[in-house]
Amino acid sequence: MIDDFAKDYLHSDLREIREAMLQKLDGLSEYDIRRPLTATGTNLLGLVKHLAVGEARYFGEVFGRPSPDAVPRWDDLERRGTDMWAAEHETREDITGRYQRVWAHSDATIAALAVDAPGHVPWWPRPDVMLFNVLVHVLTETNRHAGHADVLREQLDGTLATDTQRDQAFWAARRAEVDRAARAAGPVGP
């Protein structure tokens, strides 16, 4: 049995991780929040934009409560992937503001619906879902991308997601220890 305790617990975790995502942008330049840090172009502001679009779909379209902010249709192949990066005319404030407006809309949807309220996700193999399923999915995806953001932020300026009580000397020694263990385990290279 899924109850309101589960709904409130998941919703609380979602609210916390959303805030953590935006904190990853704090103190960084426009270039640093937009610059591609992986071979596929993953960047911090793009992750926030992607989460805004996804959450708008899941707590909007899926439950017949369209988001006040327009989002590209999920089946628009030409626009696929454009939610993963910020164009030069899109400001940090545009994207973070959109994400926060999506939160408000999502929060209203979550508050208004029972945890077992039906929804329909046409892009899923089993499209008939409940609010519970969508809460778990969005929380999982947001946490997944928050993990990406942790790594990207650490690459940019060394800011750590956790364990900020230890200094850079500790982490340099730890990295050297991990590298020694990796080299001792086998040959370097392909």
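Computed from a predicted structure; not experimentally measured. Counting restarts for each chain, with residues numbered from 1 along the sequence as it is written. Whole-chain, interface and lining totals are the exception, using all residues; otherwise, since this is a predicted model, local features are given only for residues with pLDDT of at least 70 and side-chain atom pairs are given and counted only at 80 or more. Only heavy atoms go into the side-chain values, all of them from the structure, while hydrogens and water stay out.

1. A short note on the side chain of Thr 109
Point 1. Where helices and strands are cited, they refer to DSSP runs of H or I of at least four residues and of E of at least two residues respectively, numbered from the N terminus. Relative to the elements of secondary structure, Thr 109 occurs in helix H4 (residues 92-112).
Point 2. Here, residues are in contact when the closest pair of their heavy atoms is within 4.5 Å. Not counting residues up to four positions away in its chain, the partners in contact with Thr 109 are Phe 59, Phe 63 and Arg 65.

2. Remarks on the environment of Arg 18
Point 1. Take Arg 18: it is sitting in helix H1 (residues 4-23).
Point 2. Using a 1.4 Å probe on the protein chains alone, a residue whose accessible area is under 20% of its type maximum counts as buried, one over 50% counts as exposed, and one in between counts as partly exposed. Judged by relative accessible area, Arg 18 falls into the buried class, the value being 1%.
Point 3. Each C-alpha atom, one on Arg 18 and one on Glu 30, is 20 Å from the other, the two residues being 12 residues apart in sequence.
Point 4. Among residues more than four places away in sequence, those in contact with Arg 18 are Glu 55, Tyr 99, Trp 103, Ser 106 and Asp 107.

3. As for the nonpolar core
Point 1. For the purposes of this section, nonpolar cores are sets of buried Ala, Val, Leu, Ile, Met, Phe, Trp, Tyr and Cys residues that join through side-chain atoms within 4.5 Å. Grouped together as the largest cluster of nonpolar side chains are 40 residues, with contacts concentrated most on Leu 14, Met 21, Phe 59, Tyr 99 and Val 134.
Point 2. For this core, the secondary structure elements donating two or more residues are H1, helix H3 (44-59), H4 and helix H5 (131-157).
Point 3. Among all residues touching Val 134, those that are not within four sequence positions of it are Tyr 58, Phe 59, Val 62, Phe 63, Val 121 and Val 129.

4. Brief notes about the confidence of the model for the protein chain
Point 1. Put simply, the protein chain has an average pLDDT of 91, and 96% of its residues get 70 or more.
Point 2. Model confidence for the protein chain, summarised as mean pLDDT per element, is weakest for helix H6 (residues 168-185) at 87 and strongest for strand S1 (residues 118-120) at 98. Residue-level confidence of the predictor is what pLDDT reports, using numbers from 0 through 100.

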